[in-house]
Amino acid sequence: MTETTLSAPSAAPGPDIPPLQVRDVTVRFAGLTALDAVSFTVEPGSVHAVIGPNGAGKSTCFNVLSGVYRAASGSVRFGDAELTALPPHRIASLGVARTFQNIVLSPHLTVADALMLGRHRLTRAGFLASGLRLPSAVREAARHRERIEEIAAFVGLEGTLDQPAGALPYGLQKLVELGRALAMEPQVLLLDEPVAGMSGDDRRRTAAVIAGVRESLGISIVLVEHDMGVVMRLADAVTVLDFGRRIADGAPAQVQNDPAVVRAYLGEEDAS
């Protein structure tokens with residue numbers, strides 16, 4: 001398989017992306033503490049990985065950032081907005097997009113249709129104008145189509161736009177989800193296990209796309225991923241969770257050698 005060549009779509013997000021600040025976020029379920037006063041900051045334009053063993057609280061953290069779960073206490077701020085008080089659609093409208101660990105694609109939509117779903121929040125023409133094909137609605141639809149063609153080329157899907165999204169190989173379906181998130185023109189992209197279940201070639205291709213998002217578009221990325229090779233290659237900073245608590249935070253090489261992280265992953269007994 002040839003290496004993916006990335007060219008940035010036009011009209012990429014601008015440089016004024018604020019940091020995403022997570023402060024003392026706690027989440028409880030029926031008395032069980034899933035996140036315990038977790039804090040970290042995603043710097044603008046960086047890739048920030050959130051890692052940890054199974055059950056560490058990574059998915060819970062993502063669900064708080066995207067508004068699926070409500071925190072019992074703490075704060076998630078993106079610029080002037082406090083995200084913990086907002087529902088998912090309001091958080092998305094502020095420029096926060098996410099993908100999911102499990103593929104969520106309609107088997108009946110083409111790739112172009114699936115990507116177009118990401119343009120929904122950016123669509124200005126009303127139902128009536130679109131139905132009557134008024135000139136303004138036609139022009140807007142053409143602009144959206146041009147944009148999704150750019151995004152498809154960026155992620156390596158340019159030859160699949162008219163194919164059913166659900167019929168594509170698994171690795172390409174994951175790229176459709178990534179492209180749909182990019183079609184929202186996000187400032188922050190939450191990627192939940194983007195290379196999980198992929199072959200080696202698909203992992204490398206997807207990692208190249210993610211690197212291109214950061215380098216070419218300047219979007220901030222929060223990454224949950226079990227593949228430590230991908231994490232160490234892509235991440236600028238890493239936050240490690242274990243049993244809902246932050247046990248390490250810093251540069252990848254620093255975190256990788258942290259004794260608390262080694263114990264969490266390898267189950268080593270504390271020498272004390």
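Here goes a summary of the coordinates provided.

1. Some remarks on the pattern of salt bridges
Here is step 1: Counted according to the given criterion, the structure contains 12 salt bridges.
Here is step 2: Between R205 and D202 there is a salt bridge, with its nearest N and O atoms 2.9 Å apart. One end of the pair, R205, and the other, D202, are both in helix α7 (residues 200-217), three residues apart, so they sit about a helical turn from each other. Of the two residues, R205 and D202, neither departs from the other in class, the shared state being buried.
Here is step 3: With its nearest N and O atoms 3.2 Å apart, the salt bridge here joins R203 to D227. Remark: D227 occurs in the loop between β8 (220-224) and α8 (228-234) and R203 occurs in helix α7; sequence separation between them is 24 residues.
Here is step 4: On the basis of relative accessibility, which here comes to 30%, the residue R203 falls in the partly exposed class.
Here is step 5: A single network of salt bridges, built from pairs that share partners, joins R119, R147, E150 and E185.

2. Some remarks on the environment of G166
Here is step 1: Here G166 is to be found in the loop between α5 (135-155) and α6 (170-182).
Here is step 2: Its relative accessible area of 33% is what places G166 among the partly exposed residues.
Here is step 3: G166 sits 56 residues away from T110 along the chain, and the two C-alpha atoms are 8.1 Å apart.
Here is step 4: With residues up to four places along the chain from it excluded, the contact list for G166 reads S106, P107 and Q173.

Thresholds applied
Residues numbered from 1 in each chain as written. Predicted model: local features only at pLDDT ≥ 70, side-chain atom pairs only at ≥ 80, totals over all residues. Heavy atoms only, no water. Salt bridge = Lys/Arg side-chain N within 4 Å of Asp/Glu carboxyl O. Helix = DSSP H or I, 4+ residues; strand = E, 2+ residues; numbered from the N terminus. Buried < 20%, exposed > 50% of the residue type's maximum accessible area, 1.4 Å probe, protein only. Contact = heavy atoms within 4.5 Å.

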